[in-house]
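Structure assessment
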Amino acid sequence: MPTQKFYFAALLRYSEQSNFKQKRGSKKLMKTVTTKANANIALIKYWGKQDERLFLPTKSSLSFTLPKLITTTTVSISSSDRDEVLINQKKNPAAEKNIIRFLDIFRKLHNIKDHFVVNSTNSFPTAAGLASSASGFAALARGLNELCKLNLSNKELSILARRGSGSACRSIHSGFVLWQKGKEACGSDSYAEKIFDSSHWPEFRILVAIVDKKAKKIKSRLGMQQTQLDDCYKEWIQKSEIRINEMITAIGQRDIDKVGKLAEEDCLEMHDCIKHADPPIDYWQEGTREIVQKIKKLRERGIPCYFTIDAGPNVKIITLEKYVETIKKELCVEIF
Ligand code: PMV
């Protein structure tokens with residue numbers, strides 16, 4: 001049975017690999033590449049940074065990558081001296097600012113002078129708490145890697161994607177993924193690794209029930225900054241670190257009730273901390289609460305389904321393939 005200890009040893013071995021800069025060589029840059037990455041949903045959440053600049057988390061987190069929520073990104077070298085960014089074929093000033101910040105980091109890390117044209121399209125609502133920044137920055141990291149022929153390893157890609165959006169480091173992998181918070185101040189051991197392939201548990205599903213497709217009002221980055229480092233938060237960090245080991249065991253045993261229960265506990269405790277933010281934040285809407293109640297009722301009827309909610313009102317439902325149709329019928333909302 002995999003344990004955190006085992007993964008930590010693996011991470012240390014990986015950290016002996018060579019650094020990014022040596023790999024670029026003098027190969028000619030390609031003109032355009034198109035890459036894809038999938039959104040991931042955390043079963044054990046990431047919320048809060050211990051290093052704002054490097055995006056180093058206060059705790060480890062564990063996610064599942066959703067095969068149907070895909071970002072497709074085309075990157076090319078710009079003929080001008082500025083970056084150009086389109087999200088879903090449109091200008092998006094908020095996203096553009098973060099992407100250009102990320103491109104600046106990338107240029108500095110790899111000593112690249114070029115500017116880029118980035119065109120990113122999501123197969124699902126953008127910035128609505130459905131992890132579009134995770135798939136977005138993972139796809140962009142892959143695209144830049146290919147375009148600039150850097151030949152980065154998955155570990156290096158995960159570290160790079162993390163600099164765009166913390167949770168993006170997990171979208172480099174499919175299946176069940178663990179992001180170890182790491183110990184190094186430079187962030188070299190803070191990256192994600194696959195802990196179980198999706199083939200380990202083919203029946204496992206996370207559905208997304210749409211409450212509101214609009215972009216969330218308070219971005220997770222700001223929400224994290226506003227969350228108080230009070231006793232509630234410290235307690236969650238401690239409990240959540242223990243919960244990760246229990247979650248790994250439960251996934252290993254394909255125990256849907258245990259996985260669901262742990263995910264719900266972790267999500268509820270995280271949202272409690274967020275409600276203590278200054279000023280307080282509540283990402284839930286009336287529709288969120290209604291779906292949560294319906295999920296609890298379905299469970300009373302013997303259908304194993306559990307919820308988890310991120311920095312937005314939409315509800316992610318953890319269940320097994322054979323219950324998907326019943327859940328869709330009973331909830332009467334748009335479900336991905
Ligand atoms: O990576 P960010 O900044 O989008 O933060 C993601 C935060 C949550 O989605 C709420 C939790 C998580 O672990 O994905």
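I will try to describe carefully the structure that is included in this document. (Residues numbered from 1 in each chain as written. Predicted model: local features only at pLDDT ≥ 70, side-chain atom pairs only at ≥ 80, totals over all residues. Heavy atoms only, no water.)

1. Re the pattern of salt bridges
Inspection of every chain in the model, using the stated rule, returns 17 salt bridges. For lysine 91, the salt bridge goes to glutamate 96, with nearest N and O atoms at 3.5 Å. (Salt bridge = Lys/Arg side-chain N within 4 Å of Asp/Glu carboxyl O.)

2. Some words on helix α4 (residues 154–162)
For an α-helix, 3.6 residues make a turn, and residues three or four places apart therefore share a direction. Judged by how many residues are buried, α4 sits mostly within the fold: eight of nine residues are covered. Taken residue by residue, α4 has Lys155, Glu156, Leu157, Ser158, Ile159, Leu160, Ala161 and Arg162 as its buried positions. (Buried < 20%, exposed > 50% of the residue type's maximum accessible area, 1.4 Å probe, protein only. Helix = DSSP H or I, 4+ residues; strand = E, 2+ residues; numbered from the N terminus.)

3. Observations concerning the nonpolar core
Counting 50 residues, the largest nonpolar core has Leu43, Leu62 and Phe204 as the members making the most contacts within it. Residues in contact with phenylalanine 204, not counting those within four places in the same chain, are Leu43, Phe64, Phe176, Ile256, Val259, Ile318, Thr319 and Leu320. (Core = buried A, V, L, I, M, F, W, Y, C linked by side-chain atoms within 4.5 Å. Contact = heavy atoms within 4.5 Å.)

4. A closer look at the environment of tryptophan 236
For tryptophan 236, the position within the fold is in helix α6 (residues 231–252). For tryptophan 236, a relative accessible area of 1% gives the class buried. Put simply, tryptophan 236 and cysteine 267 are 31 residues apart on the chain and 10.0 Å apart in space, counted from C-alpha to C-alpha. If near-sequence neighbours (up to four positions away) are discounted, tryptophan 236 is found in contact with Lys45, Trp47, Lys59, Arg243, Asp266, Glu269, Met270 and Cys273.

5. Considerations on the packing of helix α3 (residues 132–147) against α4
Between α3 and α4, the shortest axis-to-axis distance is 9 Å and the interhelical angle comes to 125 degrees. As far as their axial angle goes, α4 and α3 are oblique. Judged by the sense of rotation from one axis to the other, the crossing of α3 with α4 is right-handed. Along its contact with α3, which presents Phe137, Ala138, Ala141, Arg142 and Asn145, the element α4 presents Leu157, Leu160 and Ala161. Grouping the constituent residues of the contact of α3 with α4 by class yields six nonpolar, one polar and one charged. (Axes fitted to C-alpha atoms, helices over the stretch in contact; angles between N-to-C directions. Parallel < 35°, antiparallel > 145°, perpendicular 65-115°, else oblique. Left-handed = near helix turned anticlockwise from the far one by under 90°. Nonpolar A, V, L, I, M, F, W, Y, C, P; charged D, E, K, R; others polar.)

6. Brief notes about α3
Helix length check: α3 (16 residues) gives 22 Å between terminal C-alpha atoms against 22 Å at 1.5 Å per residue, within 8%. Counting buried residues along α3, 13 of its 16 residues qualify, which places the element largely inside the surrounding structure. Positive backbone phi, approximately 50 degrees, marks lysine 149, located one or two places after α3. (Expected span 1.5 Å × (residues − 1).)

7. Points about the packing of helix α8 (residues 286–300) against helix α9 (residues 324–331)
Contact geometry for α8 and α9: axes closest at 11 Å, N-to-C directions at 130 degrees. Comparing the axis directions of α8 and α9 gives the class oblique. Note on packing geometry: the crossing formed by α8 with α9 is right-handed. Between α8 and α9, the residues in contact are Ile291, Lys294 and Leu298 and Ile327, Glu330 and Leu331, respectively. Per-class residue counts for the contact of α8 with α9 are four nonpolar, no polar and two charged.

8. Some details on the environment of lysine 91
Here lysine 91 lies in the loop between β5 (84–87) and α2 (93–110). On the basis of relative accessibility, which here comes to 53%, the residue lysine 91 falls in the exposed class. Considering only alpha carbons, one finds lysine 91 and asparagine 119, 28 residues apart in sequence, at a separation of 9.8 Å. Those residues in contact with lysine 91, other than ones at most four positions away along the chain, are Val85, Leu86 and Glu96.

9. Observations concerning the site of the ligand
Of all residues adjacent to the ligand, which total 13 residues, the nearest are Tyr46, Ser165, Ser167, Arg170 and Ser220. Here serine 133 contributes a side-chain N or O atom positioned 3.3 Å from an oxygen atom of the ligand. Contact between the ligand and serine 220: an oxygen atom at 3.2 Å from a side-chain N or O atom of the residue. Isolated, the ligand exposes 380 Å² of accessible area, and the fraction of that covered by the protein chains is 91%. (Near = heavy atom within 4 Å. Polar contact = N/O pair within 3.5 Å; in protein donor to acceptor, adjacent residues only side chain to side chain. Areas by Shrake-Rupley, 256 points an atom, 1.4 Å probe, with all protein chains shown as cover.)

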